[in-house]
Amino acid sequence: MPSHPLTLPSTLSIRHAATTREQLLAALEKHEAVEVEFPDGCDADLSLIQLIEAARRHADGHGKRLSLKAAANGRVFDVLERGGFLSAMDPAFSQFWLHRKEIQ
(Lines give C-alpha, C1' and ligand atoms only; values in the text may rest on other atoms or scores of the structure.)
Protein backbone atom coordinates (compact mmCIF):
# COMPACT_ATOMS: atom_id res chain seq x y z
CA MET A 1 0.00 0.00 0.00
CA PRO A 2 1.42 3.42 -0.90
CA SER A 3 2.24 5.72 1.98
CA HIS A 4 1.08 9.30 2.28
CA PRO A 5 4.14 11.58 2.56
CA LEU A 6 4.25 13.94 5.54
CA THR A 7 7.14 16.38 5.73
CA LEU A 8 7.39 17.86 9.19
CA PRO A 9 8.52 21.46 9.81
CA SER A 10 12.17 22.24 10.42
CA THR A 11 11.61 23.12 14.09
CA LEU A 12 10.60 19.98 15.98
CA SER A 13 10.78 21.04 19.59
CA ILE A 14 8.48 21.16 22.60
CA ARG A 15 7.29 24.64 21.58
CA HIS A 16 5.88 23.18 18.38
CA ALA A 17 4.81 19.79 19.76
CA ALA A 18 1.06 20.50 19.64
CA THR A 19 1.22 21.49 15.97
CA THR A 20 3.36 18.47 15.08
CA ARG A 21 0.96 16.20 16.99
CA GLU A 22 -2.01 17.58 15.06
CA GLN A 23 -0.22 17.05 11.73
CA LEU A 24 0.55 13.44 12.62
CA LEU A 25 -2.95 12.65 13.85
CA ALA A 26 -4.62 14.34 10.86
CA ALA A 27 -2.48 12.36 8.42
CA LEU A 28 -3.18 9.09 10.24
CA GLU A 29 -6.89 9.83 10.31
CA LYS A 30 -7.04 10.31 6.53
CA HIS A 31 -4.56 7.65 5.38
CA GLU A 32 -3.83 3.99 6.09
CA ALA A 33 -0.07 4.52 5.84
CA VAL A 34 1.95 7.67 6.53
CA GLU A 35 5.62 8.17 5.75
CA VAL A 36 7.23 10.90 7.86
CA GLU A 37 10.14 12.97 6.59
CA PHE A 38 12.36 15.12 8.79
CA PRO A 39 13.80 18.09 6.90
CA ASP A 40 17.59 18.19 6.56
CA GLY A 41 19.07 20.21 9.39
CA CYS A 42 15.87 20.18 11.43
CA ASP A 43 16.00 21.32 15.04
CA ALA A 44 14.75 18.45 17.20
CA ASP A 45 14.43 17.65 20.87
CA LEU A 46 13.14 14.77 22.98
CA SER A 47 9.52 15.79 22.42
CA LEU A 48 9.86 14.72 18.77
CA ILE A 49 10.87 11.19 19.76
CA GLN A 50 7.95 11.02 22.20
CA LEU A 51 5.49 12.28 19.58
CA ILE A 52 6.66 9.90 16.88
CA GLU A 53 6.62 6.93 19.27
CA ALA A 54 3.11 7.84 20.44
CA ALA A 55 1.95 8.25 16.83
CA ARG A 56 3.51 4.91 15.90
CA ARG A 57 1.66 3.16 18.72
CA HIS A 58 -1.55 4.99 17.80
CA ALA A 59 -1.19 3.85 14.19
CA ASP A 60 -0.51 0.24 15.22
CA GLY A 61 -3.53 0.27 17.51
CA HIS A 62 -5.77 1.45 14.65
CA GLY A 63 -4.48 -0.94 11.99
CA LYS A 64 -2.45 1.76 10.26
CA ARG A 65 1.24 2.17 9.51
CA LEU A 66 3.64 4.97 10.33
CA SER A 67 7.12 4.87 8.85
CA LEU A 68 10.09 7.16 8.33
CA LYS A 69 11.16 8.10 4.83
CA ALA A 70 14.81 7.79 5.84
CA ALA A 71 16.69 6.50 8.83
CA ALA A 72 17.16 9.00 11.65
CA ASN A 73 20.21 11.17 11.08
CA GLY A 74 21.57 14.56 12.06
CA ARG A 75 19.81 16.17 15.03
CA VAL A 76 17.18 13.43 15.24
CA PHE A 77 19.89 10.78 15.58
CA ASP A 78 21.67 12.97 18.15
CA VAL A 79 18.49 13.18 20.25
CA LEU A 80 18.09 9.39 20.10
CA GLU A 81 21.70 8.99 21.20
CA ARG A 82 21.60 11.60 23.98
CA GLY A 83 18.31 10.17 25.25
CA GLY A 84 19.87 6.72 25.63
CA PHE A 85 17.55 5.12 23.09
CA LEU A 86 20.37 3.62 21.04
CA SER A 87 21.94 1.66 23.89
CA ALA A 88 19.19 -0.88 24.50
CA MET A 89 16.74 -0.80 21.64
CA ASP A 90 14.62 -3.69 20.54
CA PRO A 91 14.61 -4.84 16.90
CA ALA A 92 11.32 -3.08 16.08
CA PHE A 93 12.64 0.24 17.41
CA SER A 94 15.90 -0.20 15.50
CA GLN A 95 14.06 -1.05 12.29
CA PHE A 96 11.74 1.94 12.63
CA TRP A 97 14.30 4.61 13.54
CA LEU A 98 17.45 3.29 11.88
CA HIS A 99 15.97 1.08 9.13
CA ARG A 100 17.97 -1.90 10.34
CA LYS A 101 17.66 -4.73 12.80
CA GLU A 102 20.73 -3.96 14.95
CA ILE A 103 23.08 -1.09 15.63
CA GLN A 104 26.34 -1.55 13.79
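From a predicted model like this one, the values you see are computed outputs, not experimental measurements. (Residues numbered from 1 in each chain as written. Predicted model: local features only at pLDDT ≥ 70, side-chain atom pairs only at ≥ 80, totals over all residues. Heavy atoms only, no water.)

(A) Highlighting the environment of His62. Within the fold, His62 resides in the loop between α2 (46-61) and β5 (65-68). For the pair His62 and Arg21, spaced 41 residues apart in sequence, the C-alpha separation works out to 16 Å. In this structure the side chain of His62 is engaged in a polar contact, spanning 2.8 Å, whose partner is the backbone oxygen of His58. (Helix = DSSP H or I, 4+ residues; strand = E, 2+ residues; numbered from the N terminus. Polar contact = N/O pair within 3.5 Å; in protein donor to acceptor, adjacent residues only side chain to side chain.)

(B) Fine view of the sheet that holds strand β1 (residues 4-7). One open sheet holds the three strands; their spatial order is β1-β3-β5, and the pairing between them is parallel. Looking at which strands have only one partner, the edges of the open sheet turn out to be β1 and β5. The average angle at which neighbouring strand axes cross in this sheet is 25°, direction not considered. As defined by bridge partners, β1 adjoins strand β3 (residues 33-37) across four bridges and the pair is classed as parallel. Bridge pairing in β3 places His4 opposite Val34. Together, β3 and β5 form the strand contacts of α2, whose direction differs from that of β5 by roughly 145°. (Pairing = 2+ DSSP bridges. Axes fitted to C-alpha atoms, helices over the stretch in contact; angles between N-to-C directions. Contact = heavy atoms within 4.5 Å.)

(C) Main features of the layout of surface pockets. Considered as a void within the structure, the largest pocket measures approximately 190 Å³ in volume. Along the wall of the largest pocket there are 14 residues; nearest its centre are Phe38, Pro39, Asp40, Ala70 and Asn73. Of all the elements, helix α3 (residues 74-82) adds the most residues to the lining of the largest pocket, at three residues. (1 Å grid on protein atoms, 1.4 Å probe; cavity = no way out; pocket = protein on both sides within 12 Å on 5 of 7 lines; lining within 4 Å. Points joined across faces, edges and corners; volume = space filled by probe spheres on them.)

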